[in-house]
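Listed here are the chains, written in short residue letters.
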Amino acid sequence: MVLYEISLNAIQHGKAQHLEIESNGTSVTVRDDGQPFGIDKLKAGGRGGNRAVSDLEVVATGTFSVRSRRQDDLNQWTVVDEIASNGANTPCSMAVDVENHQIARQAYTQIRVLANCPEVHVYVPNVWSYSDWFNFLGVVEDEMAGRRLVIHGLSRESPLADLIIETYDRAHFPD
């Protein structure tokens, strides 16, 4: 339903002349050449598309998610199978690898690539420390420019999650 509503919005409201759908096994992406339109605008108003995305977030949080961004004069909407993909090769996401001890350089490079994403999904390793968070935040905070940061792989009930929310109030943890 979400993909249908997004496509319908692109044609009816965005006046798209071209619409493309692509699947790679862990996600389905809809691209259109209509007027710029992203998830923030969809959530701020509307009816059908707004409801479809809101319902998906309630029913499928932690399993499926919707991402949007504007790139190369195209709107790009992607429904991601979070379990199958674990964040790999999905739009608006980055995996943090603390084992390579290059977290600052890696995070800076990745966050710059995600400049057109209204929210950034971060997949953290099984072991992520307070220091890792501060190192990460120190590098990405200016680049985030107030965008929402969705952190996967860390329980919202953990003390580290409390610290993250204290130091970055736009942080979110999917259920």
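For the structure itself, consult the block above.
Described in the following lines is the structure provided in the data block.

Thresholds applied
Residues numbered from 1 in each chain as written. Predicted model: local features only at pLDDT ≥ 70, side-chain atom pairs only at ≥ 80, totals over all residues. Heavy atoms only, no water. Pairing = 2+ DSSP bridges. Helix = DSSP H or I, 4+ residues; strand = E, 2+ residues; numbered from the N terminus. Axes fitted to C-alpha atoms, helices over the stretch in contact; angles between N-to-C directions. Salt bridge = Lys/Arg side-chain N within 4 Å of Asp/Glu carboxyl O. Buried < 20%, exposed > 50% of the residue type's maximum accessible area, 1.4 Å probe, protein only. Parallel < 35°, antiparallel > 145°, perpendicular 65-115°, else oblique. Left-handed = near helix turned anticlockwise from the far one by under 90°. Contact = heavy atoms within 4.5 Å. Nonpolar A, V, L, I, M, F, W, Y, C, P; charged D, E, K, R; others polar. Phe/Tyr/Trp six-rings, centres within 6.5 Å; stacked < 30°, edge-to-face > 60°.

Reading across from one edge, β1-β2-β4-β3 is the order of the four strands in this open sheet, with antiparallel pairing throughout. The open sheet has two free edges, formed respectively by β1 (19-23) and β3 (64-71), since each of these has just one partner strand. Strand after strand, the sheet turns through a mean of 15° between neighbouring axes, direction not considered. Sheet topology places β1 next to strand β2 (residues 27-32); five bridges connect them, and they run antiparallel. Bridging from a neighbouring strand, L19 pairs with D32 of β2.

One pass over the full model with this rule turns up seven salt bridges. E22 is paired through a salt bridge with R31; the nearest N and O atoms lie 2.8 Å apart. By relative accessible area, which is 18% here, R31 ends up buried. Its salt-bridge partner being R51, residue D55 comes within 3.0 Å of it at the nearest N-O pair. Here R51 and D55 lie together in helix α3 (residues 48-60), a separation of four residues that amounts to about one turn. Assessed through its relative accessible area of 34%, D55 is described here as partly exposed. For R51, a relative accessible area of 53% puts it in the exposed group. Linked through salt bridges whose partners overlap, the residues forming this network are E20, E22 and R31.

For the rest of this paragraph, the subject is the packing of helix α6 (residues 130-144) against helix α7 (residues 159-167). Here α6 crosses α7 at 25°, and the two axes come no closer than 11 Å. For the element pair α6 / α7, the angle class is roughly parallel. When you trace α6 past α7, the crossing you get is right-handed. Residues Y130, W133, F134, L137 and E141 of α6 pack against P159, L160, L163, I164 and T167 of α7. Taken together, the residues of the contact of α6 with α7 break down into eight nonpolar, one polar and one charged.

Positive phi outside glycine occurs at D72, with the angle close to 55°. Locating D72 in the fold gives a position in the loop between β3 and β4 (74-81). Of note in the backbone geometry, A145 takes a positive phi value of approximately 45° without being a glycine. Along the polypeptide, A145 turns up in the loop between α6 and β7 (148-152).

What follows concerns the packing of aromatic side chains. Taken as a whole, this structure holds four aromatic pairs when the rule is applied. Each ring, one from F37 and one from W77, has its centre 6.2 Å from the other, and the planes form 40°; the classification is tilted. Of the two residues, F37 sits in the loop between β2 and α2 (39-44) while W77 sits in strand β4, which places them 40 residues apart along the sequence. Classification of F37 by relative accessible area gives partly exposed; the value is 31%. According to the relative accessible area criterion, W77 is buried, its value standing at 3%. Considering the side-chain rings of W128 and F136, the 5.9 Å spacing of their centres and the 70° angle between planes classify their relative orientation as edge-to-face. Per residue, the accessibility class of W128 equals that of F136, and both read buried.

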